[in-house]
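Inside the fold
Residues per chain are reported as follows:
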Amino acid sequence: MFSPRTPATRARSSPYTSTGMTPRSQNKRGSNLFTPKGRQSSFTQKSQPNRSLHTSQLIQESEGYRIEGFGTPLPVLITEALTLADKHTEITVKIDPSGWAWLVGGRKLFVWRYKGGHNARTVFCKELTLPPSDLAHNAERVCVIPSVSDRQSASCIAVSPEGIVRYWPNIAYEGSSTEISAELRGDECASVVNFEPFGCLLATTTSSLVLLSPVSGQNTLTCHPLKGSQGMFSGIGRRMSSFIFGASTLQPSGAPLQAIVCGRCEEEEDERPFYVLSGTQFQKWNISHPLTEKLFYQIDVERMFREFLSKKVWNQDSRQLPQLKTWLLDMQSTQQGVVFLGAGVNMDVDLTVHFGLAFLDTDINGTPSELESLMILDYQDVYSEDFEYSLQKYRLLLADPNTTTAYVYNREHILFIPGPPSDVINLQPPGGHILGAGSSDGVGVFFSASTGLFSINTPQRQEVSIMEEPSQDMTTADMSVLTASHAKIQELSMSEDRTARLKSAFIATMRGNIAAAQSTIDDLFPVDEVTTDLDHTVVSLDRDLVDDYPASDPRWAESRQDSTSSTTSFIIINQLNDKLRAHEYVINFLRKMNLWGKLKQVTIRDGRMLTRHVMCEHAEKLQAAIALRQLHGEFSGIVDAAIKKVLERRMDVTVSHNLTPQDIFYREVSRIQEIVGSLLEYQEEVLLADVTPTEILNVIMSINTILEEMLPKALQYRQSRASLYESDAPEGEVPEYVPWTSTGGDHGIRTLLLKQFNKTVEEVIPEVHDSEGLEKTYRQLASLADLVLDGYVSQLDSLKENSSRQQHYSELQRRFEQDRQLLITPLMEGKQLELAASLAEKYYDFEILIQLCELSDNTERIEKYLRQFSDRGFANYLYTWYMKEGKRGKLLALPVSQQRELGKFLQKEDIKTLSWLHNIQTDNYAKAHTTLLELAKMEQASLSKKKTLLSLSKLAGVAADPDNGDIDSNILDINEEQELIAHQQQLPTLVIENLRMEPDNMAVLSPVQLIELYISGTNIDATEYDFKKALDLLQYIDKTDPTVEYESLRMHIWAQSILRDSWQQDEAVDVMEAIMNTVFFKTVDLAYKEGVDVKTFMPGLKSIFDCDELGDLKDEANFRYLIQAGYEHIGQVL
């Protein structure tokens, strides 16, 4: 379907395939035999791309396609940009095969690395600011140029629509950018594409071209407008035709740009072609050193498309179809040229729009006169008036020029063309609109807002091989697990060893003998028996496969116990990949034979673990081993020394003279974790040796690189396959999950990673002084911290719902929070605020996040966290932190959206002092009035503060809704409280001084205390006014209060007034005069003058004579006489 023959002078293969090789490529083939590039091209047609660097969570699958998540998880900055963008902001994304991607929204540019490198666990992401523009920015106008030496760094060129070019030599340093003008002279920039090694190509909407070239060693670029060749004889034909036939230009004048793509860059040549589709015209350009451009030719490619389309669909010449309307929509490069996406409708027949892929060979000598071939897609649309606008949104993506996979897409649909003879598959993209697309490892990758990066590919062969037709069409690699003869399978099936019998069933299934496999399984695990043997047997089988001996390697002949094997390769890296495939086959086998759902738990590392988790651990260790092996050559000295130490500690291992330590170590994958302790042991030996500081730094940072490449691969696998290995058991019955990457104890991975983290902080950070070295070191620290904290989270999640382990959960949570702070704090101290924020956001360290915001005084970030972590209690944590730090102003200055939550928080008893301010801020005066009154009644430490609170409460009450009946009642209470305060403020100065109190700083005293101060001996000069005040204070006493005897207190006041006088009669003084000079009767007289009902005010005579507090005085005749005389006189007056 993709390689139709045309009536050309020579037969051509599909432009997607590499069979039709140019002489130049044929000459190079031999040199690539043992290079990674050579190995990859050898299996282009047969094998799926290596996906070990990417997550691959399955989203959707059918017989014809597979949609799965792609790349590393989206950085927090990207998810924030998508979440916070308003509906008017255009979001566009570009995905580059180099592993970089970028998102543009407004004037913000986010660049991140979606393909894992040495720092795969801490995804690199940088936010940059685009040049100012009145028009909307687009990801098509940005180009990220990967660094040749460092996969984690890159330069970037961004161009505004008006032609302002901003260049970052290293995106890690935003401040290092420079700006120049591309001098577009009114044209609008449409696209910027990577054109290494010459720089970037800028194309305008009117097809003008500019080459942007970074200046080596300088922080700037040059702009070189591209024009046709200006040689001595160039253009003679054009000039002659202009004299005879009038003006005719080779380049289109102002024709709209449809696409610009780059051709292959041959390593041994100093030139590179590129192609432009402009209106109906196609141009082939070439640029060579020293910066010389040449326009090879320009052809009317739409005319060619019309001719092929009319013959292919309607079997007529295009000149006979006057109503034929065609469009060229997009273009991509292939192995031998380009392919166009085109569409056409013949309105004389119907309104059906036909789509096709048109192939043009650009490698032939001379100018092409026709298309090489045209493939009509099995997809149609209906023409309408507004159809042309939507048609221009269609784009073509060719994931790999060497394969037969293509994608046609717009924002709403993706047409997947897996290759001949497949039909076109029309897909709805997961996660909403397509915001961008690209390719990686030969697979089409797309981006949507809610799903992020996802790939579309054909279903993986290894999943079909065992689940569907395992005995047909299997590759050599797939057959590696079948290295057992029929006799050997029979021997295994009759064995007493349950694992051997299960292995025989597994191999039988691989060979398509399902009946024999089912019979063996029925004998092993009868349906009516409940046993744990299944779990132990399955784990044993899987472990045997991952630790298996290479079947074909004669050096292992003495070690092999049987002739079955999970690998036939002689090369270690291939052996590990074979074992990983064998593990996946085992899972498919268990699922097909209905054993997968029956797996429960096994004992491992002195504890219980889900059987599925143990099997996942086997695959994780394989991933880690593969990553370690890939780094082995780069760090051979360190890794070899560590392997030697591992084998020395293994008492059951002897190194054969035929086998290398590497062979033995990489064979037993289930013990791969032992290398970590040996690496650190080797590091300690170096530290103690007589070596230079530079050598110490190199060793520590090299070991960090090994750890942050090896262990994250295991975690990536665990996270990407979480749905596969998760258990169906109720959460409360799931045992504690301690990943092998997070084991404790002296030799546990978590302990060793913490030790390595501290060693790096202590030994490396003080010795590194250049910014690039420090940045790399801190990235390593962040990666190590991420590994430790991720393990904690997995362990805590498994305990969360286990009610019987809550004490252990609390203790683990405490250690997690403690280590979290210890791991993130060095990043903050090193001014690596973005790395610290990334970890703090991921692991919910709100303390660190708040401190980071305070350091930068970033209120916008605080508001973002309030939204982002609204369901995790960030708001309450922030409020509490502000209160603890005494930053009440910032607390009350929080945005309006937080006022409701803040109001609830401020209702807590210990912080109610601020809630009334919040009520005032939100115009809730009635609530402020009530809160202030409550605070005033609770205030005991400061009289002046209580007085202020009462006054404010009264003011708030006045400002509140007048129809609120409770406020009137409260105002009366406030008046009463204020009167009580006035009584305290009127205490005699001498009393206050005797109590060692300050008049302006008195504590709040109760009515009983005030009474006592007015009448006690402390008030030496007490008069009738003081006793009258004491009696007045009785009105503030709650008569129902069981702690206060109201009548006793009243009588106590009168008794004290009586005891202020001697009550001895002086014969020289008139009786009535003597009576009226006593404090007792002066108090009565004062009350009378104030209009008080004296009869009820005065105590009864009997009460006075029965008062024990008066002592012997109450029985003296003279006292009785004077009291009775005074009462008689008062009676006469009344």
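Residues numbered from 1 in each chain as written. Predicted model: local features only at pLDDT ≥ 70, side-chain atom pairs only at ≥ 80, totals over all residues. Heavy atoms only, no water.

Here we have four strands laid out as an open sheet, ordered E11-E12-E13-E14, and antiparallel in their pairing. One side of each edge strand has no neighbouring strand; the edge strands of this open sheet are strand E11 (189-194) and strand E14 (221-225). Across the sheet, the mean angle separating the axes of adjacent strands is 25° when strand polarity is ignored. (Pairing = 2+ DSSP bridges. Helix = DSSP H or I, 4+ residues; strand = E, 2+ residues; numbered from the N terminus. Axes fitted to C-alpha atoms, helices over the stretch in contact; angles between N-to-C directions.)

Another aspect to go through is the confidence of the model for the protein chain. Averaged over all residues, the pLDDT of the protein chain equals 81, while 83% of them reach at least 70. Note on residues 1-55: pLDDT is under 50 here. Beyond four places in sequence and across chains, it has 113 contacts. The low-confidence segment residues 461-483, where pLDDT is below 50, has 53 contacts with residues more than four positions distant or belonging to other chains. (pLDDT = per-residue confidence, 0-100. Contact = heavy atoms within 4.5 Å.)

With that settled, consider the sheet that holds strand E23 (residues 395-398). Reading across from one edge, E23-E24-E25-E26 is the order of the four strands in this open sheet, with antiparallel pairing throughout. What marks the edges here is a single partner per strand, and that holds for E23 and strand E26 (425-427). Shown here is a sheet whose adjacent strand axes are inclined to one another by a mean of 20°, direction ignored. Relative to strand E24 (residues 406-409), E23 is paired through four bridges, and the arrangement is antiparallel. Bridge pairing in E24 places leucine 397 opposite tyrosine 407.

Axis separation between helix H24 (residues 859-868) and helix H25 (residues 874-884) bottoms out at 8 Å; the angle between their running directions is 140°. Relative to H25, the element H24 is oriented oblique. Facing Ile862, Tyr865 and Leu866 of H24, the residues of H25 in contact are Phe874, Ala875, Leu878 and Tyr882. A breakdown of the residues in the contact of H24 with H25 according to their chemical character gives seven nonpolar, no polar and no charged. (Parallel < 35°, antiparallel > 145°, perpendicular 65-115°, else oblique. Nonpolar A, V, L, I, M, F, W, Y, C, P; charged D, E, K, R; others polar.)

This part is about H25. Buried within H25 we find Phe874, Ala875, Leu878, Tyr879, Trp881, Tyr882 and Met883. Directly after H25, the chain includes glycine 886, whose backbone phi takes a positive value near 75°. (Buried < 20%, exposed > 50% of the residue type's maximum accessible area, 1.4 Å probe, protein only.)

As for its position among the elements, glutamate 620 is in helix H13 (residues 611-632). The exposure class assigned to glutamate 620 is buried, which follows from its relative accessible area of 1%. Glutamate 620 has contacts with Ala714, Tyr717, Arg718, Tyr737 and Trp740, leaving out every residue within four places of it along the chain.

To continue, consider the nonpolar core. For soluble globular proteins, nonpolar side chains are generally found buried alongside one another. With 116 residues, the main nonpolar core has Leu590, Met615, Leu628, Ile675, Leu679 and Tyr725 as its most contacted residues. Other than its neighbours up to four places away in sequence, tyrosine 725 contacts His583, Ile587, Trp596, Arg612, His613, Met615, Cys616, Ala619 and Tyr717. Judged by nonpolar contacts, the second largest core, of 65 residues, contains Leu1010, Tyr1036, Ile1075 and Val1079. (Core = buried A, V, L, I, M, F, W, Y, C linked by side-chain atoms within 4.5 Å.)

Below, the discussion takes up the packing of aromatic side chains. The relation between two aromatic rings is expressed through the spacing of the ring centres and the mutual angle of the planes. Evaluation of the coordinates by the stated rule reveals 39 aromatic pairs. On the basis of an interplanar angle of 55° and a centroid distance of 5.6 Å, the ring pair of tyrosine 792 and phenylalanine 816 is categorised as tilted. Taken together, the positions of tyrosine 792 in helix H20 (residues 771-799) and phenylalanine 816 in helix H21 (residues 806-829) put the pair 24 residues apart, joining distant regions of the chain. Of the two residues, tyrosine 792 and phenylalanine 816, neither departs from the other in class, the shared state being buried. When the ring of phenylalanine 846 is compared with that of phenylalanine 869, the centres are 5.4 Å apart and the planes differ by 45°; the resulting orientation is tilted. Within this pair, whereas phenylalanine 846 is found in helix H23 (residues 846-856), its partner phenylalanine 869 is found in the loop between H24 and H25, the two being separated by 23 residues in sequence. The residues phenylalanine 846 and phenylalanine 869 share a single accessibility class, namely buried. For the cation-ring pair, lysine 284 lies above phenylalanine 296, with the distance from its terminal atom to the ring centre recorded as 5.3 Å. Looking at arginine 750, its charged tip hangs above the ring of tyrosine 792, at a distance of 3.8 Å from the centre. (Phe/Tyr/Trp six-rings, centres within 6.5 Å; stacked < 30°, edge-to-face > 60°. Lys NZ or Arg CZ within 6 Å of the ring centre and 35° of its normal.)

Considering all chains together, one arrives at 46 salt bridges under this definition. Here glutamate 736 makes a salt bridge to arginine 805, at a shortest N to O gap of 3.5 Å. Of the two residues, glutamate 736 is situated in the loop between helix H18 (722-725) and helix H19 (749-764) and arginine 805 in the loop between H20 and H21; the sequence distance between them amounts to 69 residues. Judged by relative accessible area, which is 16%, glutamate 736 ranks as buried. Of the charged contacts in the structure, one is a salt bridge between arginine 1050 and glutamate 1047, with a shortest N-O distance of 3.8 Å. You can see arginine 1050 and its partner glutamate 1047 sitting in helix H35 (residues 1046-1059), three residues apart, about one turn around the helix. Assessed through its relative accessible area of 16%, arginine 1050 is described here as buried. The network of salt bridges with shared partners includes Glu80, Glu834, Glu841, Arg861 and Lys864. (Salt bridge = Lys/Arg side-chain N within 4 Å of Asp/Glu carboxyl O.)

Let us now look at the pairing of strand E5 (residues 108-113). Most of E5 is tucked away: five of the six residues are buried. Bridge count for strand E4 (residues 100-105) against E5 is six bridges, and the pairing is antiparallel. For leucine 103, the partnering residue across the bridge sits in E5 and is phenylalanine 110. Between E4 and the antiparallel strand that follows it, E5, lie two residues; glycine 106 among them carries a positive phi value of about 65°. Where E5 and strand E6 (residues 125-129) come together, five bridges link them in antiparallel fashion. Along E6, the bridge assignment pairs lysine 108 with threonine 129.

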